[in-house]
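# Notes for the structure review
Single-letter residue listing:
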Amino acid sequence: MTRQSEESPLSEILKSFIKENHLDSGLNKVEVQDAWKELMGPGVNKYTSKIRFEEPTLFVYLTSSVLREELSYGKEKIIAMLNEHIGIPNLITKIVLR
């Protein structure tokens with residue numbers, strides 16, 4: 001056997017390490033928070049005081065009741081955008097705006 005066939009891509013090694021050490025949920029929490037900040041932009045982030053992800057629900061704490069009301073109309077679209085950005089379908093199934 002050649003050395004090349006014995007080697008695995010680094011991405012596969014990392015995925016295996018994450019799965020074996022049960023780090024998936026912690027990484028998902030970080031990815032969800034980062035995705036929210038990237039996709040929602042500075043206007044929404046200015047009024048976002050806290051983001052908490054408890055699979056499969058995303059809790060977003062907002063300091064503006066007007067913004068909370070506006071975002072509540074687009075929850076399904078926000079969920080779809082976040083899941084697509086993260087690359088894991090159905091990771092987030094519900095958003096609670098507080």
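Residues numbered from 1 in each chain as written. Predicted model: local features only at pLDDT ≥ 70, side-chain atom pairs only at ≥ 80, totals over all residues. Heavy atoms only, no water.

## Looking at the overall build of the protein
Looking only at helices and strands, the protein features 5 helices and 3 strands. Moving toward the C terminus, one meets the helices and strands of the protein in the order α-α-α-β-β-α-α-β. Of the contacts formed within the protein by residues at least 6 apart in sequence, a portion of 51% connects residues at least 24 apart. Surface exposure of the protein reaches about 6,900 Å², of which carbon and sulfur atoms provide 54%. (Helix = DSSP H or I, 4+ residues; strand = E, 2+ residues; numbered from the N terminus. Contact = heavy atoms within 4.5 Å. Areas by Shrake-Rupley, 256 points an atom, 1.4 Å probe, with all protein chains shown as cover.)

## Examining the side chain of Ser64
Within the element layout of this structure, Ser64 appears in the loop between strand E2 (57-62) and helix H4 (65-72). On the basis of relative accessible area, Ser64 is assigned to the buried category, the value being 16%. Among the polar contacts made by the side chain of Ser64, one reaches the main-chain amide nitrogen of Leu67 at a distance of 3.1 Å. (Buried < 20%, exposed > 50% of the residue type's maximum accessible area, 1.4 Å probe, protein only. Polar contact = N/O pair within 3.5 Å; in protein donor to acceptor, adjacent residues only side chain to side chain.)

## Some details on the environment of Ile95
Examined against the element boundaries, Ile95 turns out to sit in strand E3 (residues 94-97). Sequence spacing of Ile95 and Ile79 is 16 residues, and the spatial spacing of their C-alpha atoms is 7.3 Å. Setting aside chain neighbours within four positions, we find Ile95 in contact with Leu58, Lys75, Ile78, Ile79 and Leu82.

## Here's the deal with the pattern of salt bridges
Applying the stated criterion across every chain, the model contains 1 salt bridge. Among the ionic pairs, Glu54 bridges to Arg52, the shortest N-O distance being 2.6 Å. Under the relative-accessibility criterion, Glu54 is labelled partly exposed at 40%. A residue is classified by how much of its surface remains accessible, and Arg52, at 24% relative accessible area, is partly exposed. (Salt bridge = Lys/Arg side-chain N within 4 Å of Asp/Glu carboxyl O.)

## Examining unusual backbone geometry
The amide bond that connects Glu55 to the next residue, Pro56, takes the cis arrangement and shows omega of 5°. When you line up the elements, Pro56 lands in the loop between strand E1 (48-54) and E2.

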